[in-house]
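Here's the letter readout for the chains.
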Amino acid sequence: MDFNNAEGNLGAFGLGSIDDDDEGYPFPDYSEFLKPGSDINEDNYTYWKYPSQIGLQGFVFRGIAHVVRTTAIIGILRFLCCMILVTVLYFIAANSGRIYGGLFAVAFWFVLLTSPYFINFAPNLYWVEFTWFIPMLLGLLCLKFPEKRKWMYLLFFLAILVKCMCGYEYLSTIMLSGIIFPAAEWVGCKESRRSLFKCVLFSGLSMLSGFVVAAVTHVCIISREFFEGNPVKGLEFFKNNIVSKRTFGNALLFDERIKDSLQASVWDVMKIYLWDSAYSKFLLCLILLSIIMLVFDRLIFKKDHRTHLALVLLQLLSVLSWLILAKSHSFDHRHINFVLFDLGLTQTCLYCILNAVSNHICLGIKKEMKQNKASYSLIFHFVK
């Protein structure tokens, strides 16, 4: 199968409904590949070597399938992915709630549980969504356990190494999510700035090292599998078909099907995600409203929202990093890439809006006696 079309087909692995089938590509049933005792050379499906990622998740899932020998293995693996994801998200919500209050945890869960993108990705065996949130959890744990940050750096390295071996999608956003919370605290906390700066620096370097190791490993595999061990050709393939194809590559060098995405401007991509549809306009309004309310609260009521404003801006930067750097991927995958906003930005904006409002509302219960009977009413007080 043509490598240019393979990526579109692989998006159906585990859950075809999240991928765009407008072009009519035939999606093979990958569940057959995982069934115990199946021989990929003795069925009616066509399999190919997919060079755009190492595919660690495929090796792990097939290994599990050969141990847990049941025809229900697909459902078991999907359930396992969901359980790991829920566990990671629970600890993210719990730790962020301890730092920013229960309102942040409520906003975090509300956005995720009402997001069709998040729900559809959760059981997918190709995307393994839980790998997206582990760096964010590690960033929060660095704030909670500053004395154990040296061990966290190793976990940052392993988290990105595993993520890259499962696929490079949304990598810049995921890597930045690991340093957003420490960086925001650095903005708002003068006392611990030196230690927080070191945390951000070493966390970032650890994640970058994980990517480099995964990329070098990937180049070696490509060289061995497709170019008779020639590392120069392997590196050239990695640069052209994995990097340039998703970013700012020359449209003349690629399949006609992705020509429009490579020729699209950054402005074209920004319009898709922040203006063209009702949902994109909603996202833009949510972002702007959160920033305006934080600035208004600061100017009028002298509230210190430096940390909150830094959170919003850094979360926005993390989303824009993939939309801009992976311009071609963002243009082509508009049907799924809105999930980027639910990796922290939407939750943070919602929290900041609710927090700014709740800071000026005092809720109370008023008791009145009428004809020897007590009556109660809910009252609101505006406070500065």
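Computed from a predicted model, the values in this text were never measured in an experiment.

Engineer: Looking at this structure, how should I read the overall build of the protein?
Structural biologist: Of regular secondary structure, the protein possesses 17 helices and two strands. Looking at the 384 residues of the protein, the share that counts as buried comes to 47%. The contacts in the protein between residues at least 6 apart in sequence include a share of 67% that link residues at least 24 apart. A total of about 19300 Å² of accessible surface is found on the protein, and carbon and sulfur atoms cover 65% of it.

Engineer: When you look at the side chain of S52 in this model, what are you seeing that I'm missing?
Structural biologist: Structurally, S52 is set in the loop between helix 2 (31-34) and helix 3 (56-67). Among residues more than four places away in sequence, those in contact with S52 are Y168, H218, N241, I242 and R246.

Engineer: Just checking my understanding: could you explain the packing of aromatic side chains for this structure?
Structural biologist: Each aromatic ring pair is characterised by the separation of its centres together with the angle its planes make. A full pass over the atoms with the stated rule returns 25 aromatic pairs. Here Y90 and F91 contribute two aromatic rings whose centre-to-centre distance is 5.3 Å and whose plane-to-plane angle is 75°, an arrangement assigned as edge-to-face. Given a relative accessible area of 40%, F91 falls into the partly exposed group. Considering the side-chain rings of F104 and Y351, the 5.0 Å spacing of their centres and the 65° angle between planes classify their relative orientation as edge-to-face. Of this pair, F104 sits in helix 5 (residues 102-113) while Y351 sits in helix 17 (residues 345-358), placing them 247 residues apart in sequence. Overall, F104 belongs to the buried group, its relative accessible area being 2%. The exposure class assigned to Y351 is buried, which follows from its relative accessible area of 2%. Chaining the aromatic ring pairs together yields one cluster made of Y117, Y273, Y279, F282, F338 and F341.

Engineer: Would you explain the packing of helix 7 (residues 130-144) against helix 9 (residues 171-188) in this entry?
Structural biologist: In a pair of packed helices, the angle between the axes and the distance between the axes together describe the arrangement. Two numbers describe how helix 7 lies on helix 9: the axes approach to 7 Å, and their chain directions differ by 20°. It follows from the interaxial angle that helix 7 and helix 9 lie roughly parallel. The handedness of the crossing between helix 7 and helix 9 is right-handed. Residues T131, W132, P135, M136, G139, L140 and L143 of helix 7 form the contact with helix 9, whose participating residues are I174, S177, G178, F181, P182 and E185. When grouped by side-chain class, the residues that make up the contact of helix 7 with helix 9 number eight nonpolar, four polar and one charged.

Engineer: Would you mind showing me how to read the pattern of salt bridges here?
Structural biologist: Two side chains that carry opposite charge are able to pair once their charged atoms sit near each other. Under the definition given, this model contains three salt bridges. With a shortest N-O distance of 3.2 Å, E225 and R224 are connected by a salt bridge. Residue class for E225 comes out partly exposed when judged on its relative accessible area of 33%. D304 is paired through a salt bridge with R306; the nearest N and O atoms lie 3.1 Å apart.

Engineer: Which parts of the structure should I look at to understand a nonpolar patch on the surface?
Structural biologist: A surface patch of nonpolar side chains, amounting to about 700 Å² of accessible area, comprises W186, F197, L201, F202, L205, L208, V212 and V216. Broken down by element, the residue count for the nonpolar patch peaks at seven residues, all from helix 10 (residues 193-226). For W186, the location among the structural elements is in helix 9. Look at W186 and you get partly exposed, because its relative accessible area is 34%.

Engineer: Any chance you could explain the nonpolar core here in plain terms?
Structural biologist: If you look at soluble globular proteins, the nonpolar side chains tend to sit buried side by side. The biggest cluster of nonpolar side chains holds 96 residues, and the ones touching the most others in it are I92, W132, F133, Y170 and F341. Here this core gets ten residues from one element, more than from any other, and that element is helix 7. Aside from chain neighbours lying at most four places away, what touches W132 is F121, W127, K163, Y170, I174, S177, V339 and L343.

Engineer: Please explain the environment of R193 as it appears in this structure.
Structural biologist: Along the chain, R193 falls in helix 10. A relative accessible area of 28% means that R193 is categorised as partly exposed. R193 sits eleven residues away from P182 along the chain, and the two C-alpha atoms are 9.6 Å apart. Leaving out residues up to four positions away in the same chain, R193 has contacts with W186 and V187. Of note is the side chain of R193, whose polar atom sits 2.9 Å from the backbone oxygen of V187.

Engineer: Explain the side chain of E169 here, please?
Structural biologist: Along the chain, the position of E169 falls in the loop between helix 8 (149-166) and helix 9. Of the side chains with opposite charge, K163 comes closest to the buried, unpaired E169, at an N-O distance of 4.3 Å. A polar contact of 3.0 Å, which involves the side chain of E169, links it to the side chain of Y126. The contacts of E169, once residues within four sequence positions are left out, are Q53, Y126, W127, K163, I174, W322 and H329.

Engineer: Please explain helix 13 (residues 266-274) as it appears in this structure.
Structural biologist: The α-helix advances 3.6 residues per turn, and as a result positions three or four apart in sequence lie on the same side. What helix 13 keeps buried is the set V269, M270, I272, Y273 and L274. One side of helix 13 holds all its buried residues, which, seen down the axis, span an arc of 165°. Buried residues in helix 13 make contact with helix 14 (278-301), helix 15 (306-325) and helix 16 (327-332).

About the cut-offs
Residues numbered from 1 in each chain as written. Predicted model: local features only at pLDDT ≥ 70, side-chain atom pairs only at ≥ 80, totals over all residues. Heavy atoms only, no water. Helix = DSSP H or I, 4+ residues; strand = E, 2+ residues; numbered from the N terminus. Buried < 20%, exposed > 50% of the residue type's maximum accessible area, 1.4 Å probe, protein only. Contact = heavy atoms within 4.5 Å. Areas by Shrake-Rupley, 256 points an atom, 1.4 Å probe, with all protein chains shown as cover. Phe/Tyr/Trp six-rings, centres within 6.5 Å; stacked < 30°, edge-to-face > 60°. Axes fitted to C-alpha atoms, helices over the stretch in contact; angles between N-to-C directions. Parallel < 35°, antiparallel > 145°, perpendicular 65-115°, else oblique. Left-handed = near helix turned anticlockwise from the far one by under 90°. Nonpolar A, V, L, I, M, F, W, Y, C, P; charged D, E, K, R; others polar. Salt bridge = Lys/Arg side-chain N within 4 Å of Asp/Glu carboxyl O. Patch = residues over 30% accessible without salt bridge, like charges linked within 9 Å, V, L, I, M, F, W, Y side chains within 5 Å. Core = buried A, V, L, I, M, F, W, Y, C linked by side-chain atoms within 4.5 Å. Polar contact = N/O pair within 3.5 Å; in protein donor to acceptor, adjacent residues only side chain to side chain. Lys, Arg positive; Asp, Glu negative; His and termini not counted. Arc of directions from axis to C-beta.

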